[in-house]
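# Results of the structural survey
Each chain, letter by letter, is given below.
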Amino acid sequence: MGTERMKKVCIVGASGKLGQYMVRHALDRGYEVVGVCRERSVPKLAAFDGRMTIVPGPTNDPEVIRRAVAGCDGVLTVLVPWGVKQYASGTAQAVLDHARPGARLVFSCGWHITRDGKDRYSRTFTMGVRIAALLGKLVRAVEIDDQVEACRRVFAGDTRWTVVRGSTLEEGDSQGLPVWSRHVGDPVLAGNLTRRVDFALFMVQALTDDALIHEAPAIVGCRTPSALAHNTGNPHDHG
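Notes on the structure in this doc start here.

Thresholds applied
- Every chain begins its residue count from 1, and numbering advances along the sequence as written.
- The predicted origin of the model limits local features to residues at a pLDDT of at least 70 and limits the giving and counting of side-chain atom pairs to 80 or more, whereas totals for whole chains, interfaces and linings rest on all residues.
- As a rule here, side-chain values cover all heavy atoms of the structure and leave hydrogens and water aside.
- Strands are runs of DSSP state E lasting at least two residues, helices are runs of H or I lasting at least four, and both sets are numbered from the N terminus onward.
- Type-normalised accessible area, obtained with a 1.4 Å probe on protein chains alone, sets the label of each residue: buried when under 20%, exposed when over 50%, and partly exposed for intermediate values.
- The contact definition used throughout considers only heavy atoms, calling two residues in contact when any of these lie within 4.5 Å.
- The accessible surface values rely on the Shrake-Rupley method and a 1.4 Å probe; as for residues, cover is taken only from the protein chains in view.
- Put simply, a salt bridge is a Lys or Arg side-chain nitrogen that is within 4 Å of an Asp or Glu carboxyl oxygen.
- For the purposes of these results, a polar contact is taken to be a pair of N or O atoms within 3.5 Å, where, inside protein, one atom must be able to donate a hydrogen and its partner to accept one; residues adjacent in sequence count only when each atom of the pair is a side-chain atom.
- Two rings belonging to Phe, Tyr or Trp (six-membered ring only in the last case) form a pair when the distance between their centres is within 6.5 Å. Interplanar angles under 30 degrees mark stacking, angles over 60 mark edge-to-face geometry, and anything in between is tilted.
- It is the directions from the helix axis to the C-beta atoms that the arc portrays.
- Any two strands with at least two DSSP bridges between them are considered paired.
- Only the contacting stretch of a helix is used when fitting its axis, a line to C-alpha atoms as for every element, and angles between N-to-C directions run 0 to 180 degrees.
- Roughly parallel here means an angle under 35 degrees, roughly antiparallel means over 145, roughly perpendicular means 65 to 115, and every remaining angle is called oblique.
- Left-handed describes a crossing whose near helix is turned anticlockwise from the far helix by less than a right angle; the clockwise case is right-handed.

## A few points about the overall build of the chain
Regarding its fold elements, the chain presents seven helices and ten strands. The burial tally for the chain puts 49% of its 239 residues in the buried class. In the chain, the proportion of contacts linking residues at least 24 apart, taken out of those at least 6 apart, comes to 76%. About 10,900 Å² of surface is accessible on the chain, with carbon and sulfur atoms providing 52% of the total.

Now the structure itself:
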């Protein structure tokens, strides 16, 4: 889908840090923007008052999503593993069910998601994910396994999807479009650091990059030492 055909975009999870950056990038491109966030989070979008439409409600509510994605050419979804009530998978399923046929769907998650089992994780990374999953369940705050289930549903679908897998994130000014690889463990990703504003940039850019359809790119900042050492000038796949 070319840029000229991307007119209206829905951002699911618009009030979060990543979501707000995506709103800004989408508006900068001249898109009509619809944002979805919980009602209590609406004030976080005050900076965009009059420039976007807000649909308040839980992002895993199918009716909320149905109203928000109506007529949208693209949907950007932040898959947050909140709580222990299948929030991420419920959100993903609602988007998959209600986005118009042919819409471009881009989802965000972390490196721990694997599409084909070929990702290579360090022992430290794997242990960290396991500990976070265990502690999250104990305090009933996070359900990492549900984010895995959400992505499984996306991968199994026949929509025009992309799942963007982010490294460790930091705040700061944009450094440019991140580089990506199909698999964690690729030396280009060793820097394991991306500016959050650039994660959002990659998400919005993916809406009009047909080369990313049915890909699960793992990304890293383009100015990290690993990216500079291994990048050949193409900000795309390294294997």
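## Examining the pattern of salt bridges
The tally for this structure, following the rule as stated, stands at nine salt bridges. With a shortest N-O distance of 2.5 Å, E63 and R66 are connected by a salt bridge. Placement of both E63 and R66 in helix α2 (residues 62-69) is noted, with a separation of three residues, approximately one turn of the helix. Judged by relative accessible area, which is 39%, R66 ranks as partly exposed. Within this structure, E149, R152 and R153 form a network of salt bridges that share partners.

## Examining the side chain of D119
Along the chain, D119 turns up in the loop between β5 (104-110) and α4 (123-138). Reaching out from D119, the side chain makes a polar contact with the backbone nitrogen of V184 at a distance of 2.6 Å. Ignoring anything within four residues of it in the chain, the contact list for D119 reads I113, T114, R165, R182, H183 and V184.

## Side note on the environment of D173
For D173, the location among the structural elements is in the loop between β7 (169-170) and β8 (179-181). With a relative accessible area of 66%, D173 lands in the exposed category. The spacing of D173 and D198 is 25 residues in sequence and 8.6 Å in space, taken between C-alpha atoms. Residues contacting D173, with those up to four places away along its chain left out, are R195 and V197.

## Concerning the side chain of R195
Relative to the helices and strands, R195 is located in strand β9 (residues 194-195). Under the relative-accessibility criterion, R195 is labelled buried at 18%. Discounting residues that sit within four places of it in the chain, R195 has contacts with E170, E171, G172, D173 and Q175.

## Digging into the packing of aromatic side chains
In the structure shown here, the tally under the stated rule is one aromatic pair. Between F155 and W161, the aromatic rings sit 5.2 Å apart at their centres with planes inclined by 55°, giving tilted as the arrangement.

## Examining helix α6 (residues 196-206)
In terms of burial, α6 is largely enclosed, as ten of its eleven residues are buried. Within α6 the residues assigned to the buried category are R196, V197, D198, F199, A200, L201, F202, M203, V204 and A206.

## Topic: α2
When α2 is considered as a whole, its buried residues turn out to be V64, I65, A68 and V69. Each buried residue of α2 sits inside an arc of 110° when the element is viewed along its axis, so together they form one side. Of the surrounding secondary structure, the elements contacted by the buried residues of α2 are β1 (8-12), β2 (32-37), β3 (53-56), β4 (74-78) and α3 (87-98). Just beyond α2, the residue with positive phi is G71, at close to 75°.

## Some details on the pairing of strand β6 (residues 160-166)
In terms of burial, β6 is largely enclosed, as six of its seven residues are buried. Sheet topology note: the β5/β6 ladder contains seven bridges and is parallel. The residue of β6 that forms the bridge with C109 is R165.

## Some points on the packing of helix α1 (residues 17-28) against α6
Their axes nearest at 8 Å, the elements α1 and α6 cross at an angle of 55°. Considering their axes alone, α1 and α6 lie oblique with respect to each other. In terms of crossing hand, the pair formed by α1 and α6 is right-handed. Judged by residue contacts, K17, L18, Y21, M22, H25 and A26 of α1 engage R196, V197, F199, A200, L201, M203 and V204 from α6.

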